[in-house]
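Structure assessment
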Amino acid sequence: MYIAYFDETGDDGYPDYSSKIFVLTSCYIDHNKWKDNYLLLSKLKHHLRNTYGLPIKTEIHTKKLLLNKNPYRKLNLTNEKRLEFCLCIAEYIKSLDIKCINIVIDKTKITDKNKNIYKDVLDISLKFNVQRIENDLRKADTENKFLIITDEGRIKKMRQIARKIQKINYVPSLYSKSNYRNEIKRLIEDPLPKNSGESYFIQIADFISYFTYLYILRTNNIDSWHNRLDWLDIGDVTRIIDEIKPILNIEASKKGDYGIVIYPK
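Conventions and cut-offs
Residues numbered from 1 in each chain as written. Predicted model: local features only at pLDDT ≥ 70, side-chain atom pairs only at ≥ 80, totals over all residues. Heavy atoms only, no water. Helix = DSSP H or I, 4+ residues; strand = E, 2+ residues; numbered from the N terminus. Rg over C-alpha atoms; globule rule 2.2 N^0.38 Å. Buried < 20%, exposed > 50% of the residue type's maximum accessible area, 1.4 Å probe, protein only. Salt bridge = Lys/Arg side-chain N within 4 Å of Asp/Glu carboxyl O. Arc of directions from axis to C-beta. Disulfide = S-S within 2.5 Å. Pairing = 2+ DSSP bridges. Contact = heavy atoms within 4.5 Å. Axes fitted to C-alpha atoms, helices over the stretch in contact; angles between N-to-C directions. Core = buried A, V, L, I, M, F, W, Y, C linked by side-chain atoms within 4.5 Å. 1 Å grid on protein atoms, 1.4 Å probe; cavity = no way out; pocket = protein on both sides within 12 Å on 5 of 7 lines; lining within 4 Å. Points joined across faces, edges and corners; volume = space filled by probe spheres on them. Nonpolar A, V, L, I, M, F, W, Y, C, P; charged D, E, K, R; others polar.

**Structural notes on the overall build of the protein**
A tally of regular secondary structure across the protein gives eight helices and eight strands. Since a compact globule built from 265 residues should have a radius of gyration of about 18 Å, the 18 Å found for the protein is in line with a globular shape. If you line up the protein on its principal axes, its C-alpha atoms span 55 × 40 × 30 Å. Residue burial in the protein is summarised as follows: out of 265 residues, 52% are buried.

Spelled out as structure tokens, the structure:
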């Protein structure tokens, strides 16, 4: 069985929104390898404490770190040290025995013609992410199952979506403009809530999600970054993405080098 941890960057609102894209990230792990992965992340937290002064129990929250907000402001890290901090996390992530899928909804491409499909941003992004986890597990083993653990904020909506796609699920065909039914069969239980501050894996999903967010905004010319990120450049972000590439499910998308799935196409 696999455990899939989810986190997101951006807001899932439409047509009113504060971010032009929404990124939903999943990190899924074979339960037999969970303990080894957990111990490696525990070593990371101890390394961050010993090297940068981050208390063990302090949540890794990537946006707050890069924007130098509390509790990270208290660490008095320079811009160079904050980038070094992130590269350190990325080096540990690439050693994990996990897989990661990033689904991006570009709201600037939602039109009158496709808004019935994409207007519920969380619904469609969760559906596409879960579908790709299922496809990957099906290739490896016909008996593989998985369950979802996510931060508490959107748990009610995610439960509703997860139940729906197990009963009826239409997915776009790769070979035509039509859709076909392909219900989710390997997901067990409703998505389960966990406080992100108590889950190393949700914090890792947050890290990957936020750097994917920055990467897509800039490389696809969708929007500018927060003005407090003027010290960071796209080369730095690409360096992070390259570092974690070994754990990205590259087969999730045939476009680009990192398997990032962007909708609408």
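Back to the write-up after that little detour.
**A look at the pattern of salt bridges**
If you walk through the whole model with that rule in mind, you get 13 salt bridges. Of the charged contacts, one joins Asp112 and Lys115 as a salt bridge, the two residues approaching to 3.7 Å between their closest N and O atoms. Residue Asp112 is classed as exposed on the basis of its relative accessible area of 63%. The partner of Arg163 in a salt bridge is Asp190, and the shortest N-O contact between them spans 2.6 Å. Residue Arg163 is found in helix α6 (residues 155-167), and its partner Asp190 is found in the loop between β6 (179-181) and β7 (192-193); the two are separated by 27 residues along the sequence. Through salt bridges with shared partners, a single network forms among Glu8, Asp12 and Arg154.

**Quick look at helix α8 (residues 234-244)**
Turning to α8, its buried residues are Asp236, Val237, Ile240, Ile241, Glu243 and Ile244. Along the axis of α8, the buried positions cluster into a sector of 160°, meaning they face one direction only.

**Some points on the state of the cysteines**
By definition, a disulfide is the covalent link that joins the sulfur atoms of two cysteine residues. Per the counting criterion, the structure on display carries zero disulfides. Lacking any disulfide linkage, Cys86 is separated from the closest cysteine sulfur, that of Cys88, by 9.6 Å. Its relative accessible area of 0% is what places Cys86 among the buried residues.

**Overview of the pairing of strand β4 (residues 146-150)**
Of all five residues in β4, five are buried, a share of seventy percent or more. Along β4, one buried face is formed by Phe146, Ile148 and Thr150 and the opposite face, lined by Leu147 and Ile149, is buried too. Sheet analysis places strand β1 (residues 2-9) next to β4, joined by five bridges and oriented parallel. Within the sheet, the bridge partner assigned to Tyr2 lies in β4 and is Phe146.

**Points about the sheet that holds β1**
Ordered by their spatial adjacency, six strands build an open sheet running β7-β4-β1-β2-β3-β8, and the pairing between neighbours is mixed. Edge positions in the sheet fall to β7 and β8 (261-263), since each of these pairs with one other strand and no more. Here strand β3 (residues 99-106) runs beside β8; their pairing, made up of three bridges, is parallel. Of the residues in β8, the one forming a bridge with Val104 is Ile262. Its contacts with the sheet put helix α7 (residues 200-219) on β1, β2 (21-30), β3, β4 and β8, and the angle it makes with β1 is roughly 45°.

**Considering the nonpolar core**
The biggest cluster of nonpolar side chains holds 59 residues, and the ones touching the most others in it are Ile208 and Leu214. Considering each element in turn, this core owes the most residues, 14 residues, to α7. Other than its neighbours up to four places away in sequence, Ile208 contacts Thr25, Cys27, Ile93, Cys100, Asn102, Ile244, Ile247 and Leu248. Counting residues in each nonpolar core, the second largest holds 30 residues, with Tyr118, Val130, Ala162 and Ile184 among its members.

**Focus on empty space enclosed by the protein**
For the structure on display, the rule yields one cavity of 30 Å³ or more. Put simply, the largest cavity is a space of about 30 Å³. When residues of the lining of the largest cavity are traced back to their parent elements, those giving at least two are α1 (34-52) and α7. The residue inventory of the lining of the largest cavity, partitioned by class, reads five nonpolar, one polar and one charged.

**Notes on the environment of Ile241**
Mapped onto the elements of the fold, Ile241 is located in helix α8. The exposure class of Ile241 is buried, given its relative accessible area of 1%. The spacing of Ile241 and Leu40 is 201 residues in sequence and 20 Å in space, taken between C-alpha atoms. In this structure, Ile241 is in contact with Phe211, Thr212, Tyr215, Leu248 and Tyr258, ignoring residues within four places of it in sequence.

Spatial relationships are all this shows, so hold off on functional conclusions.
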